[in-house]
Amino acid sequence: MVFFLQLLINGISLGFLYGISALGFILIYRSGGLLNFAHGGIMSFGAFLFFALSIWADWPIILAFTVTLSSSFILGLILEKCFIRPIFLKENLIQKTLITLGLALMLKGLLSFIFGDGIYHLPHFISNAFSLNRYHLEITPFHIAAFAGSIILLIICWFFFTFSSQGLSMKAFAGNPLAARAMGVRVKRVFALSWAISALLCAMSGMILGTINGLHSDSLSAAGLKIFPVIILGGLSSMGGAILGGIIIGLLETLAGGYLSQSLQDITPYIALILILMVKPSGFFGQAAPEKV
Amino acid sequence: MRHIKQAHPKKQFLPPFHTCGRFKTSYQEELNRFQTPFGRRFTVISIICLFGLMPFISNDYFLHLLNTICIYAIVAMGLNILTGYTGQLSLGHGAFFGIGAYTGALLAAKAGLPFFMVIPIAGIVALMVGAIFALPSVRLRPIYLPMATLAGQFIVEYILLHWVSLTGGSKGLAVPVPTFAGLNLGGNLSLFYITAVCLLLLMWLTDNLLRSKIGRAFLAIRQNERAASAMGITVFPHKLLAFAISSFFAGVAGALFAYSTTTITPTFFNLTLSIEFLAVIIIGGIGSISGSMVGALVIVSLNEILTFFTGYFMDAGMIIMPLYEFILGLTIVLFMVFEPEGLARIWRNIKRGLKQWPFL
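Residues numbered from 1 in each chain as written. Chains lettered and ligands numbered in written order. Predicted model: local features only at pLDDT ≥ 70, side-chain atom pairs only at ≥ 80, totals over all residues.

A few points about the overall build of chain B
Condition: A run of DSSP states H or I qualifies as a helix once it reaches four residues; a run of E qualifies as a strand once it reaches two. Both are numbered from the N-terminal end. Residues with at least 20 neighbouring C-beta atoms inside 10 Å of their own are called buried, those with 12 or fewer are called exposed, and the rest are partly exposed, where every C-beta is derived from the backbone. It is the C-beta atoms, placed from the backbone, that decide contacts: two residues are in contact if theirs lie within 7 Å.
Along chain B, the regular secondary structure elements total 15 helices and four strands. For chain B, the spread of C-alpha atoms along the three principal axes comes to 85 × 50 × 50 Å. Per-residue burial for chain B yields a buried fraction of 42% across its 360 residues. Residue pairs at least 24 apart in sequence account for 77% of intrachain contacts in chain B once pairs closer than 6 positions are excluded.

Written as structure tokens, this is what we have:
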């Protein structure tokens, strides 16, 4: 029973992290119909930058954290400006998708070129006094960080998309691009902002994930690809669905790792993806969108 | 019986500066594969050069490279049918290539089948495995296929690595040399003949397929699925067919690759390999069969040049993979931003420029 509860806690905290990065993915998807494969690259960028700033440059944790978040925000803007903007208006799915694949490969290659093949460990930036170890359950500070960080981010996102004019215009653009443009929504800004916020969310989840599992560019890129099962389960464009899907996929993964075999853990989400596509391809909250001919 | 007077064709008067261009006067001419006699002659001469001249002017290492180029070109051709002509994206071709390689290796090593049976069977097995992953997603919007094949890539990689009793796990699997009627066909030279014949055969098939009714249906699906289905094309079977053909090509190439490398390990058939195959068709030109060859040439030589220079300047083997990934990614991104139709388009532009010079 304790083992099961422990797995439950691990799974839900992992699921929250998947959920946040899937949220970033959905922002990009809704603003341009783009599948972003560079997600894992941005996650590992955030994690490695945080590592470099806090260990190699020996900056205080709070400063390193803030600088990482803001620089990943800027990275999102740069990627959008340099690579996505030129092909923004083309209706070619293949071209758009391949460009993000190229970006993913570039980021991964660059990071493994700089940091090599070893596994790094991030500093324990929250003191152990915060851990809750009761009834043989191990709730480390990172689990709490994952929970708390995700919930805080979700609340911020909710406020942003409900009350701020920029968030509302992003929502409007996702709902109906043509009508939104006619009403004066600035398309370029919406697109740039969705990439920037997405990169920020990615970096956040990458940092916490890197702290839990250790930093390795391959494993972080692989974790970035696990958002595809998450978003399909959630329904491809629903934000609440992303979080719910993240939690379910995280739980599935941890339970499979705990009860079946450790090596099966990494491919459980993909088996789930194939099964979801077979049974209910629209996911929880997706609806079959009408397509224009 | 009325006598029909045969209209005597008037002798045409051709002015000394008549209008340029070729004018087709029958539908048969339109259907000709080679529009000019030069094209036919050029093809025949290049095939003779490939088989007669190439093996004798190149050494063993170069022949091995040539084999690798042919193998990459086969996969790229298949991928081009799927991505370039049908407009569907696959991220799992590295895995289907691996399925072909393992099937070929197992059939040759354990069942002892001859190579001319191993190669097509490997293709068919890869086709069936590919269909399992494609079947649920092909019926949906095109956006789902890359995700499903991505899942397929990881699942196949896992199976190859963990089904130790069959595949030998991470230790790899040794492939026996192909034999025919007691002759040993192990060397790079005889393998070159096998791969080149396969390449030409598949090229001929692809070229004719794409000019047939099916090929035109693929093109219609690429342009607009809804419109294609409104015109009476059954979209789902055609998309599945395109996927099946392209995984068949990957499987055939995989079996050839198994013969060519003699030992295969599961880690080779990873996601980067899938993206490498995509890079081949991006560089060569999406939707161009001859572009696939050029792209394969570029990618294989890039790989070799990088290996050479890394060995020359630094004694670090670790550095090459990240560097290669970075350059591959950069190439994909630059081609997609500046020349989405690849070298094929650049070549067309040069040709047109030369033909119409100085009126550009």
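Following the structure, the description resumes.
Description of the overall build of chain A
Just so we agree on the cut-off: Computation of the radius of gyration draws on C-alpha atoms alone. For the globule rule, the value is 2.2 Å times the number of residues to the power 0.38.
Assigned secondary structure in chain A consists of 12 helices and zero strands. The C-alpha atoms of chain A give 19 Å as radius of gyration, which agrees with the globular expectation for 293 residues (19 Å, within 12%). Considered along the principal axes of its C-alpha atoms, chain A spans approximately 60 × 45 × 35 Å. Out of the 293 residues in chain A, the part that is buried amounts to 49%. Put simply, 76% of the contacts in chain A that link residues at least 6 apart link residues at least 24 apart.

Considering helix 4 (residues 93–115) of chain A
Residues and elements named next belong to chain A. Test applied: A helix is expected to span 1.5 Å multiplied by its residue count minus one.
Taking 1.5 Å as the rise per residue, helix 4 with 23 residues should run 33 Å; its terminal C-alpha atoms sit 33 Å apart, in good agreement. Where burial is concerned, most of helix 4 is hidden: 17 out of the 23 residues are buried. Positive backbone phi, approximately 75 degrees, marks G116, located one or two places after helix 4.

Comments concerning the nonpolar core
Note the cut-off: For our purposes the nonpolar core covers buried Ala, Val, Leu, Ile, Met, Phe, Trp, Tyr and Cys residues that link as a set through C-beta atoms within 7 Å.
By size, the foremost hydrophobic cluster in this structure holds 189 residues, and its most contacted members are L273(A), I74(B) and V75(B). Once you skip the residues sitting within four places of it in the chain, V75(B) turns out to touch H93(B), F97(B), F249(B), A250(B), A253(B) and F277(B).

Quick word on the interface of chain B and chain A
Rules: Residues are sorted three ways: Asp, Glu, Lys and Arg are charged, Ala, Val, Leu, Ile, Met, Phe, Trp, Tyr, Cys and Pro are nonpolar, and all the rest, Gly among them, are polar.
Facing the 39 residues of chain B at the interface are 36 residues of chain A. Contributing elements (two or more residues each) for the side of chain B that touches chain A: helix 5 (115–138), helix 6 (144–162), helix 10 (225–230), helix 12 (271–284) and helix 14 (320–338) of chain B. In terms of residues, the side of chain B that touches chain A owes the most to one element, helix 14 of chain B, which gives 11 residues. Here the residues of the side of chain B that touches chain A are counted per class, giving 31 nonpolar, six polar and two charged.

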